[in-house]
Amino acid sequence: MPYRKRRVDDVPNAPAPSAEKKEVDEALGVEAFGFNVYTVEPGERVPWGYHHHPRHEELFYVLEGVLTVDTPDDPVIVEAGEALHVPPEHPNRAHNAGEAVVRLIAVGAPKATDEAVIEERCPSCGEQTGRRGERANDGDTVRLHCTACGAETDRFGRNSG
Ligand SMILES: [Zn+2]
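Per-chain numbering applies: the sequence of each chain, read as written, is numbered from 1 onward. Per-residue local features are limited, in this predicted model, to residues with pLDDT of at least 70; the limit for side-chain atom pairs, both in listing and counting, is 80 or more; totals at the level of whole chains, interfaces and linings are taken over all residues.

A. Structural detail: the overall build of the protein chain. Across its full length, the protein chain holds one helix and 15 strands. Both definitions apply: the radius of gyration is a C-alpha atom measure, and the globule rule equals 2.2 Å times residues to the power 0.38. Relative to the globule expectation of 15 Å for 161 residues, the C-alpha radius of gyration of the protein chain, 16 Å, shows essentially globular dimensions. For the protein chain, the spread of C-alpha atoms along the three principal axes comes to 50 × 40 × 30 Å. Counting other C-beta atoms within 10 Å of a residue's own tells you its class, since 20 or more makes it buried, 12 or fewer makes it exposed, and anything in between is partly exposed; those C-beta atoms are placed from the backbone. Among the 161 residues that make up the protein chain, the fraction classed as buried is 23%. Within the protein chain, counting contacts between residues at least 6 apart in sequence, those at least 24 apart form 55% of the total. Under the DSSP-based scheme used, a helix requires at least four consecutive residues in state H or I and a strand at least two consecutive residues in state E, with every element numbered from the N terminus. A residue pair is marked as a contact if its C-beta atoms, positioned from the backbone, fall within 7 Å.

Written out as structure tokens, the structure reads:
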């Protein structure tokens, strides 16, 4: 493998419910772990919903702003300069509840076991169900569908309007 470097600002923006998601691991061909850099405007989520990873752990390092991470207990507030470890099997959903932009790095490993178990209620059938994602508009948009009833539950990305 060659040494590879990229300017993170030049990495294409991946579809996400936050202003920016830079998939640095994909851009550089990283195989062992995920490395994403997020810019989250006030009111936005990262990633898109309440989930856990059965066999994958994550670390969120907040560079700027204040990240609110929902858990089964009280939310965990992660301020700039702090890092939060999310072990496997620990449900979470993060969002920017503040007035200022949040920038963070999310590292996850092992990359090969990053499958997520969604734990959200479907607005259509009312059940707590999984989600199936599909890319549209040349990959600029992600649409999510309930795995039980098939209803579209969410969409985000550059052409999602
Ligand atoms: Zn449903």
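B. A look at the sheet that holds strand S3 (residues 45-52). One open sheet holds the five strands; their spatial order is S6-S5-S8-S3-S10, and the pairing between them is antiparallel. Edge strands, defined here as strands with exactly one partner in the open sheet, are strand S6 (76-79) and strand S10 (117-118). Two strands form a pair only when DSSP identifies at least two bridges running between them. Across two bridges, the pairing between S3 and S10 is antiparallel. Directly across from His52, in S10, lies its bridge partner Val117.

C. Just the domain arrangement of the protein chain, in detail. Where a domain begins and ends is set by an automatic assignment or by a domain database. By the assigned domains, the protein chain splits into domain 1 (8-116) and domain 2 (119-161). Contacts between domain 1 and domain 2 engage eight residues on the former and eight residues on the latter.

D. Examining the sheet that holds strand S14 (residues 141-146) more closely. Read from one edge to the other, the open sheet built from three strands follows the order S13-S14-S15, with strand pairing classed as antiparallel. Whereas interior strands pair on both sides, the edge strands pair on one side only; in this sheet they are strand S13 (131-136) and strand S15 (152-157). Across the sheet, the mean angle separating the axes of adjacent strands is 20 degrees when strand polarity is ignored. Bridging between S14 and S15 involves five bridges; their strand directions are antiparallel. In the strand pairing of S15, Val142 is matched with Phe156. Helix axes use the C-alpha atoms of the stretch in contact, all axes being lines fitted to C-alpha atoms, and the angles between their N-to-C directions lie in the range 0 to 180 degrees.

E. Structural detail: the nonpolar core. For our purposes the nonpolar core covers buried Ala, Val, Leu, Ile, Met, Phe, Trp, Tyr and Cys residues that link as a set through C-beta atoms within 7 Å. Grouped together as the largest cluster of nonpolar side chains are eleven residues: Tyr38, Val40, Val46, Phe60, Val62, Leu67, Val78, Ala94, Val102, Leu104 and Ala106. Broken down by secondary-structure element, the contributors of at least two residues to this core are strand S2 (34-40), strand S4 (57-64) and strand S9 (102-109). Ranked by residues supplied to this core, first place goes to S9 with three residues. Sequence-distant contacts of Tyr38, defined by excluding residues within four places in its chain, comprise Ser18, Glu20, Lys21, Val46, Arg103, Leu104 and Ala106.

F. How the structure looks around the environment of Gly150. Inspection of the secondary structure puts Gly150 in the loop between S14 and S15. Gly150 sits in the exposed class, given 12 other C-beta atoms within 10 Å.

G. Molecular detail of unusual backbone geometry. Here the amide bond leading from Val46 into Pro47 is cis, since omega sits at -15 degrees, within 30 degrees of zero. Summarising the element assignment, Pro47 is placed in strand S3. For the bond running from Ala109 to Pro110, omega is -10 degrees, close enough to zero to count as cis. Among the structural elements, Pro110 can be located in the loop between S9 and S10. For Glu89, which is not a glycine, the phi torsion comes out positive at approximately 75 degrees. Along the chain, Glu89 falls in the loop between strand S7 (83-86) and strand S8 (92-95). When the 12 C-beta atoms within 10 Å are taken as the criterion, Glu89 is described as exposed.

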